[in-house]
Amino acid sequence: MEGTSTEKPKFQQALEPFCEKIRSVADGSDISVITHLDADGITAGSIMGVALKRLGARCSVRTVSDMNESVIERMKAEGRDFYIITDLGGGMAAKFQKALGKKWLIIDHHQIPDEEMITDDDNRILNAWKYGIDGSKDVCSGGMAYLVASALDKKNKDLSCIAVVSAVADRQDQGEKKSFTGPNLEILKAAQSAGLVQVEMDMMLTGRETRPVHEALAFTSFPFIEGLTWNREACYSLLKNAGIRMKNNGRWRVPAELSQEEKSTILDAVARFVATYTKSSAAATKIIDDMIGYVYTLACEDKRSQLRDAREFSTMLNACGRIRKAGVGVAICMGDRNAMLTEGEEIIQSYRSALRNYISTIFAEKWRIADEKGSIAFVNGEGLVPEDMLGAVSSLLSGSPTLQGRVLFVRTRASDSTYRFSSRKCTGCTSEVNLGVVMRECSASLGGTGGGHHSAAGCRIPLSALEDFMAALRLRVSDAKFAKAA
Ligand code: C5P
């Protein structure tokens, strides 16, 4: 891992004994991998699943929405030989120790309490932050799992492309023009040199090589452009009016066939559309910026497959997790390209149409958006957005030019009679506030639980705490001192 020289020795020093623990239990034993059901969790669990099988273990990969006492009880009751927990379990080391003795390891990138970092004498937790690596942008759990897998056996380098998918899934493409930084960049280089991933700077349209240009524009939901996203007819008219030739010998042209000049024409047309729609030239400039960046192509996937573009691959995994069919995503990551891929394609279609409904209803029902002083926006998804889709909705809204620059909080009512919140920094947001800290502290002070990262976090609070919670958020976000410190 070049580029992380100060933490490199510490991480590398920890990696070898950590791998040794895995090697010592793997051969012939029965190992359970428990992972988070989001896209990063799915990739991390799958990478470990493949690596363990290659070491001769019998292994299953199970996904859960969060780690709690009942999951730990179930793990204990299963009585497996060993447990590897990925993308989950921060702050729960003592509970694992009590229930499972020494039969567990954690691989993760979420921030964990300092106490847990310094008391892990037995080196059971491989967490990015412990080694000075910024787990919110430089590596995610898929990447951490890959670093373990490739240290276990060089032949696991073929899993580097799955780690690349995990980085875009967790929105860690936060370098210049959606590039990778830190360990993610090193993993990408490994994938490139193995010929598994190609990187190009281009318009980041969904279906670059597979969809007609107007469809690709319509299916691109980041940035989310009200009036264009998911509106094929509007995209077709926009492109046609801009003079783009849509067909070649009767066949729809795809974005990869466009010339540089045509791409500039499209970007100009989109910018004009956004400027008119939002009455903001700044929003139009930002949109162009958001639409161009590095695209990551999985050269090993079929040319017509949705898995060929790392961002589309990650969307499919996200969809599988959100509709509680994470097992389909795991099967795809572990190599199934038959029945499971077909199911994944069906899942993504219904996921897209559900999201389209939620987003268009939110924008149509104006009362759902409270845009306060232009710096903070609350979106009310009650009675509309199911709790499992909340994070996907807030991620999409955060890319909308309409909400540019805001700190966004989206809420819905959950099945356990709580409010769930999902927060994001919208595109162009300059606030330095750490949303993970804000969500954790504001929810805890009112009897809830929460956490997350600097720019993406979530929580649950009791129904009765809503007004106080929103007041606390307003205070925290507007308090510059806190914003800098957090
Ligand atoms: O649900 P959402 O996608 O908004 O979550 C964003 C981030 O916040 C995720 O990394 C998730 O693990 C974290 N989170 C958390 N505690 C919660 C909800 C979300 O740590 N109660």
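The shown structure was predicted, so the numbers you read here are calculated from the model rather than taken from an experiment. Numbering of residues starts from 1 in each chain and follows the order in which that chain's sequence is written. Residue-level local features of this predicted model are given only where pLDDT is at least 70; pairs of side-chain atoms are given and counted only at 80 or more, and the full residue set underlies all totals for whole chains, interfaces and linings. Excluded from the side-chain calculations are hydrogens and water; all other atoms, namely the structure's heavy atoms, are used.

Asks: Before we go on, may I ask you to explain the overall build of the chain in this structure?
Replies: Scanning the chain from terminus to terminus reveals 19 helices and 15 strands. As a reference, a globule follows 2.2 Å times the number of residues to the power 0.38, and the radius of gyration itself is taken over C-alpha atoms. What you see for the chain is a C-alpha radius of gyration of 22 Å, in line with the 23 Å of a compact globule of 486 residues. By principal-axis analysis of the C-alpha atoms, the chain measures approximately 65 × 55 × 40 Å. Within the chain, buried positions represent 55% of all 486 residues. Distance from the positive charge centre (62 side chains) to the negative charge centre (61 side chains) of the chain: 2 Å. Per the convention used, a helix needs a DSSP run of H or I reaching at least four residues, while a strand needs a run of E reaching at least two, with both numbered from the N terminus. Partly exposed describes any residue whose relative accessible area lies between the buried limit of under 20% and the exposed limit of over 50%, with all areas from a 1.4 Å probe on protein chains only and scaled to the type maximum. Here the positive residues are Lys and Arg and the negative ones are Asp and Glu; neither His nor the chain ends is included. Just so you know, the charge point we use is NZ for Lys, CZ for Arg, CG for Asp and CD for Glu.

Asks: Is there a simple way to explain the pattern of salt bridges in this structure?
Replies: As a working rule, side chains carrying opposite charge can pair if their charged atoms are close by. Counted as salt bridges are all cases of a side-chain nitrogen of Lys or Arg within 4 Å of a carboxyl oxygen of Asp or Glu. Here the structure, examined in full by the defined rule, presents 35 salt bridges. Between Asp 202 and Lys 263 there is a salt bridge, with its nearest N and O atoms 3.1 Å apart. Note that Asp 202 is positioned in strand E6 (residues 197-203) and Lys 263 in helix H11 (residues 260-278), a separation of 61 residues in sequence. Neither residue differs from the other here; Asp 202 and Lys 263 are each classed as buried. Across the pair Arg 406 and Asp 371 runs a salt bridge whose closest N-O atoms are separated by 2.7 Å. Here the residue Arg 406 occupies a position in the loop between helix H16 (390-398) and strand E12 (407-413), and Asp 371 occupies one in strand E10 (residues 369-372), the gap between them amounting to 35 residues.

Asks: Would you explain the domain arrangement of the chain in this entry?
Replies: By a widely used convention, the size of an interface equals the accessible area lost when the partners come together. Split by domain assignment, the chain resolves into domain 1 (10-159), domain 2 (203-360) and domain 3 (365-482). For domain 1 versus domain 3, the separation of C-alpha centres amounts to 30 Å. Each domain's limits were defined by an automated method or a database of domain assignments.

Asks: Please explain unusual backbone geometry as it appears in this structure.
Replies: What you tend to see is this: most non-glycine residues have negative phi, and most peptide bonds are trans. Phe 222 connects to Pro 223 through a cis peptide bond whose omega is 5°. Checked against the element boundaries, Pro 223 lands in the loop between helix H9 (213-219) and helix H10 (232-241). Even without being glycine, Trp 230 reaches a positive phi, approximately 65°. Residue Asn 249 is not a glycine yet carries a positive backbone phi of 50°. Looking at the secondary structure, you find Asn 249 in the loop between strand E7 (247-248) and strand E8 (251-252).

Asks: What is the right way to look at the environment of Asn 249 in this model?
Replies: When its relative accessible area of 82% is taken as the criterion, Asn 249 is described as exposed. On a C-alpha basis, the gap between Asn 249 and Leu 473 in space is 57 Å, while along the polypeptide they are 224 residues apart.

Asks: Honestly, the nonpolar core in this entry has me stumped. Any pointers?
Replies: The tendency in soluble globular proteins is for nonpolar side chains to be buried as a group. Joining through side-chain atoms within 4.5 Å is the link that ties buried Ala, Val, Leu, Ile, Met, Phe, Trp, Tyr and Cys residues into a set, and such a set is a nonpolar core. Among the nonpolar cores identified, the biggest contains 90 residues, and Val 148 and Leu 397 are the most heavily contacted of them. At nine residues, helix H15 (residues 339-364) tops the list of elements feeding residues into this core. Contacts are assigned to residue pairs that have any heavy atoms within 4.5 Å of one another. Not counting residues up to four positions away in its chain, the partners in contact with Val 148 are Leu 15, Phe 18, Cys 19, Ile 22, Met 48, Ile 107 and Leu 126. Of all hydrophobic cores here, the second largest spans 25 residues; its members include Leu 217, Leu 238, Ala 271 and Met 291.

Asks: What should I look at first to understand the packing of aromatic side chains in this one?
Replies: How two aromatic rings sit relative to each other is set out by the distance from centre to centre and by the angle between their planes. Two aromatic rings from Phe, Tyr or Trp, using only the six-membered ring of Trp, form a pair when their centres are within 6.5 Å; if the ring planes differ by under 30 degrees the pair is stacked, by over 60 it is edge-to-face, and anything between is tilted. Counted under the stated rule, the structure contains nine aromatic pairs. Centroid distance Phe 273 to Tyr 277: 5.7 Å. Interplanar angle 25°. Geometry classified as stacked. Of this pair, Phe 273 and Tyr 277 both sit in helix H11, four residues apart, which is roughly one turn of the helix. Relative accessible area serves as the criterion here: at 21%, Phe 273 is assigned to the partly exposed category. Relative to Phe 469, the ring of Phe 421 has its centre 4.8 Å away and its plane inclined at 70°; by these criteria the two rings are edge-to-face. One end of the pair, Phe 421, is in strand E13 (residues 418-425); the other, Phe 469, is in helix H18 (residues 466-478), with 48 residues separating them in the sequence.

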